[in-house]
Amino acid sequence: RYKTTAFPKGFLWGGATSASQIEGSWNTDGKGISIADVLTKGSKTTERVCSSNLNKKYEYPSHDAIRFYDYYKEDIKLFAEAGFKCYRMSISWTRIFPNGDEEEANKEGIEFYRNIFEECRNYNIEPIVTISHYEMPLYLSKKYNGWTDRKVIDCYVKYAKYIIDKFHSYVKYWITFNEINCLTIPLGTVYGGGMLLDEKALLPEKNNAEERFQCLHHQFLASAVVSQYTHEEYSDIKIGCMIAYYCTYPYSCHPEDMLLAQKHHQVHNLFCLDVQIKGKYPSYIDRYFKENGIKVKVDKSDKDILKKGTVDFCGISYYFSNCISATTSLEPAMGNLMKGSKNPYLKNSEWGWQIDPVGLRYTLNDIYDRYNVPIMVLENGLGARDTIEQNSVHDEYRIEYLREHIGSISEAYNDGVDVIAYTIWGCIDLISVSTGEMSKRYGIIYVDKNDDDTGTYKRIKKDSFYWYKNVIVSNGEHL
Ligand code: BG6
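Residues numbered from 1 in each chain as written. Predicted model: local features only at pLDDT ≥ 70, side-chain atom pairs only at ≥ 80, totals over all residues.

Per an unreviewed UniProt entry, the chain goes by the name 6-phospho-beta-glucosidase and belongs to Breznakia pachnodae. Of the chain, the UniProt comment under Sequence similarities (unreviewed entry) reads exactly: "Belongs to the glycosyl hydrolase 1 family." (UniProt positions renumbered as here; feature names shortened; annotations may be inferred.)

Here's what the structure looks like:
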């Protein structure tokens, strides 16, 4: 358990969402179709399917989501009432460039985000904006097989520069890709890589590691070009990378378990951070590539691009931890993209994610020791079922989860880690990425919408709303 509740002055408290999980209005006002719009509704037991022909037999949860497109004023007002200092959100690429390669941007898309930033400004909420959060334009996905083709870099760079030029006076913190390291694992194929697996679950049947790491290389370059451009044009803007930190413990002190955990950590966590923060490919990746038959096509100029395009801060998502063993076969444990094995010391959420607040302190120390850059905890929270009782939700379980994790961040801060922001994931209930459900709720604000699409879309403040408000007002002291 945490011992301190101290936080730095000016700490950015807030919440986080992504466009496709909240906006709805998937094909109105000029918006194009993104890969998120062709993912079907799943559940804890039914996998989501990528169905790019929009088959009538499926439901597509992003099409309506929680109708933030219509409710954004009301929702941002609620964020302000909770005392948010920042709001991490993403811009939908296909609202700005519907196919991803147009000459002209879609004016209505620009207007929508300008309105959001104006609202945030009215309430002194600092926007932290993700440029690409699992929603590549479907047109580009089909034309180029996702990020496997180098030509996609130009499309992304054009889009990113365009929105940064348009909104630089509103937005000081930009993140180039959400959880870029998802491409180190097969489940990242569609989400991060934008490669379509038509009418199939989201796991590729064949080993596509080479394609995934090629996509990743292109994203590294795209991020680096945008980072360099922004640093040259706007000295007050900070660019961040972001990974899903897969906190993975060796199951035992057996040396082979220790080594496996270290190798796992290098490939799935450190690799992306090394490239984006240090500006070059680390030496350990060569052997991994060799042993896994991966050959990444690289141009002569790439080294220089990566070196010049490093980022200023590191963003992470952190939800759970898992174990790994080279010597013992263990009971499997779940996670959003990365699965692992059960840890006998931890309890798990209803969706099987193991709850480990101490792991967050460990994570923050681990990252800061190696990179010495400011860190933002951009996603953290508990997906759980909520029940409405007389217009309120008594979510003590969520408060407990958040309290312990925030306490752990304070510990890390006292360990000397430069942690500057914390945003609760899905601060307002939204569509789950891994299952497409509404019933897996993260919010401190309840949205009256159910898995079967019934509901009034009414927003209700949960008990955690009032609790978090108090945390923010006291700068973390009243946990
Ligand atoms: C992260 C994603 O992987 O986890 C979010 O960046 C996602 O978009 C979050 O919603 C929680 O996962 P899930 O599957 O519960 O929605």
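Anyway, onward from the coordinates.
**Q** How would you summarise the sheet that holds strand β3 (residues 86–90) if you had to cite specific residues and measurements?
**A** Reading around the barrel, the eight strands line up as β1-β3-β4-β5-β7-β9-β13-β14 and close back on themselves, with parallel pairing between neighbours. The mean angle between the axes of side-by-side strands here comes to 25°, regardless of whether they run parallel or antiparallel. As paired strands, strand β1 (residues 12–16) and strand β14 (residues 419–425) are joined by five bridges and run parallel to one another. In the sheet register, Leu12 faces β14, and the bridge partner there is Ala421. (Pairing = 2+ DSSP bridges. Helix = DSSP H or I, 4+ residues; strand = E, 2+ residues; numbered from the N terminus. Axes fitted to C-alpha atoms, helices over the stretch in contact; angles between N-to-C directions.)

**Q** Explain the packing of helix α13 (residues 396–414) against helix α14 (residues 463–473) to me, and be specific about the residues and the numbers.
**A** Packing of α13 against α14 brings their axes to within 9 Å, and their N-to-C directions diverge by 25°. Regarding the angle of α13 to α14, the classification is roughly parallel. α14 is crossed by α13, and the crossing has right-handed handedness. The residues of α14 that touch α13, namely those facing Glu396, Arg398, Ile399, Leu402 and Ile406, are Asp463, Ser464, Trp467 and Val471. Of the residues contributing to the contact of α13 with α14, the split by class is five nonpolar, one polar and three charged. (Parallel < 35°, antiparallel > 145°, perpendicular 65-115°, else oblique. Left-handed = near helix turned anticlockwise from the far one by under 90°. Contact = placed C-beta atoms within 7 Å. Nonpolar A, V, L, I, M, F, W, Y, C, P; charged D, E, K, R; others polar.)

**Q** Can you explain the pairing of strand β13 (residues 375–379)? Please cite residues and give values.
**A** Consecutive side chains of a regular strand alternate in pointing toward one face of the sheet and then the other. β13 sits mainly inside the fold: five of its five residues count as buried. Here three bridges tie β13 to β14, and the two strands are oriented parallel to one another. Note on β14: the bridge partner recorded for Ile375 is Val419. Read as a crossover between parallel neighbours, the route from β13 over α13 to β14 is right-handed. (Buried ≥ 20, exposed ≤ 12 C-beta atoms within 10 Å, placed from the backbone. Right-handed = clockwise from strand over helix to strand, strands pointing away.)

**Q** Please provide a residue-by-residue account of the pairing of strand β7 (residues 238–244), values included.
**A** Among the seven residues that make up β7, seven are buried, leaving the element largely enclosed by the rest of the structure. The side-chain alternation of β7 yields two buried faces, one formed by Lys238, Gly240, Met242 and Ala244 and the other by Ile239, Cys241 and Ile243. Note that strand β5 (residues 173–175) and β7 share three bridges and pair parallel. Paired with Trp174 across the two strands is Ile239, which belongs to β7. Pairing of β7 with strand β9 (residues 313–317) involves five bridges; the strand directions are parallel. The residue bridging Gly240 from the neighbouring strand is Phe313, located in β9.

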